[in-house]
Amino acid sequence: MAVTKLDPIDRKILAELQADGRMTNVELAKRVGISAPPCLRRMRTLEEAGFIRGYHADVDSRELGFEVQVFAMVGLRSQAEVDLSAFETRCHDWPLVRECHMLNGEVDFVLKCVAPDLSSFQSFLTGELTSADNVASVKTSLVIRTAKDDPGVPFEVLESRLSRSA
């Protein structure tokens, strides 16, 4: 189901669920202007097509005692596909690494990490990340505060783009 095959109701369902994944199907149906049974069918179709990957709680890491958030820029010695894949697999094994993105440019990966404190992060950094196979360099930046953290996509931009092409 390509984005062009999503009708306005499907896009509204996605936008509403992105904003509040906990709402009931009845509430969702009311917000998008259809009855509950077809709303549920559409939602299931969007899930099966891969537009909806899951439903998650937005937990506050600091409230749970994870006071440190760090972005780590990682350079690898080799960028052969087998080595890139091996590093990605290794990142899945590190609980402190919450996100891993391969980049184009000066660094190969950026990792978003959380830790209870600086000493925990330092132990991970020196004991695991910098000593991992194929890691050539690591530069870190400590997050002071987060000014914006919007999940998903900007549906208003999608709607604007689609209305111009129609």
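Residues numbered from 1 in each chain as written. Predicted model: local features only at pLDDT ≥ 70, side-chain atom pairs only at ≥ 80, totals over all residues. Heavy atoms only, no water.

Enquirer: I'd like a rundown of helix 6 (residues 155-165), residues and numbers included.
Expert: Each turn of an α-helix holds 3.6 residues, which means side chains three or four residues apart point in the same direction. Listing the buried residues of helix 6 in full gives Phe-155, Leu-158 and Leu-162. Buried residues in helix 6, looked at end-on, bunch into an arc of 55°, giving them a common side. Residues of helix 6 that are exposed and angled more than 90 degrees away from the buried face: Glu-156, Ser-163 and Arg-164. (Buried < 20%, exposed > 50% of the residue type's maximum accessible area, 1.4 Å probe, protein only. Helix = DSSP H or I, 4+ residues; strand = E, 2+ residues; numbered from the N terminus. Arc of directions from axis to C-beta.)

Enquirer: Residues and numbers for the nonpolar core, please.
Expert: Among the nonpolar cores identified, the biggest contains 21 residues, and Val-74, Phe-87, Trp-94, Leu-111, Phe-121, Phe-124 and Leu-129 are the most heavily contacted of them. Where this core is concerned, the elements lending two or more residues are strand 1 (68-76), helix 4 (81-93), strand 3 (109-115) and helix 5 (118-129). Of the residues forming this core, the biggest block, 5 residues, is contributed by strand 1. Not counting chain neighbours up to four residues away, the residues in contact with Leu-129 comprise Ala-72, Val-74, Phe-87, Trp-94, Leu-111, Phe-124, Val-135 and Val-138. (Core = buried A, V, L, I, M, F, W, Y, C linked by side-chain atoms within 4.5 Å. Contact = heavy atoms within 4.5 Å.)

Enquirer: Provide a residue-level description of the UniProt feature "domain: HTH asnC-type" (unreviewed entry) in the chain, including the pertinent values.
Expert: As annotated in UniProt, the feature "domain: HTH asnC-type" (unreviewed entry) corresponds to residues 6-67 in the numbering used here. Within the segment residues 6-67, helix and strand shares are 53% and 0% respectively, and the terminal C-alpha atoms sit 41 Å apart. (UniProt positions renumbered as here; feature names shortened; annotations may be inferred.)

Enquirer: Any chance you could break down the packing of helix 1 (residues 8-19) against helix 3 (residues 36-48) for me, citing the residues and the numbers?
Expert: As a packed pair, helix 1 and helix 3 sit with axes 10 Å apart at the nearest point and diverge in direction by 80°. Here helix 1 lies roughly perpendicular to helix 3, going by the angle between them. Counted together, Ile-9, Asp-10, Ile-13, Leu-14 and Leu-17 of helix 1 and Cys-39, Arg-42, Met-43 and Leu-46 of helix 3 form the full contact between these two elements. Partitioned by chemical class, the residues of the contact of helix 1 with helix 3 number 7 nonpolar, no polar and 2 charged. (Axes fitted to C-alpha atoms, helices over the stretch in contact; angles between N-to-C directions. Parallel < 35°, antiparallel > 145°, perpendicular 65-115°, else oblique. Nonpolar A, V, L, I, M, F, W, Y, C, P; charged D, E, K, R; others polar.)

Enquirer: Any details on the pattern of salt bridges? Residues and values, ideally.
Expert: Once their charged atoms are close, side chains differing in charge can pair, the charge on each being opposite to the other. Under the defined criterion, the tally for this structure stands at 12 salt bridges. Residue Glu-16 is joined to Arg-31 by a salt bridge in which the shortest nitrogen-to-oxygen separation is 3.1 Å. Here the residue Glu-16 occupies a position in helix 1, and Arg-31 occupies one in helix 2 (residues 25-32), the gap between them amounting to 15 residues. Of the residues examined, Glu-16 reaches a relative accessible area of 13% and is grouped as buried. The exposure class assigned to Arg-31 is partly exposed, which follows from its relative accessible area of 38%. One salt bridge connects Glu-27 with Lys-30, and the closest N-O pair in it is separated by 3.8 Å. You can see Glu-27 and its partner Lys-30 sitting in helix 2, 3 residues apart, about one turn around the helix. Among the charged side chains, a network of salt bridges with common partners joins Lys-12, Glu-16, Glu-27, Lys-30 and Arg-31. (Salt bridge = Lys/Arg side-chain N within 4 Å of Asp/Glu carboxyl O.)

Enquirer: Account for the domain arrangement of the chain, with residues named and values stated.
Expert: Its domain assignment divides the chain into domain 1 (8-57) and domain 2 (62-142). A straight line from the C-alpha centre of domain 1 to that of domain 2 covers 34 Å. (Domains from an automatic or database assignment.)

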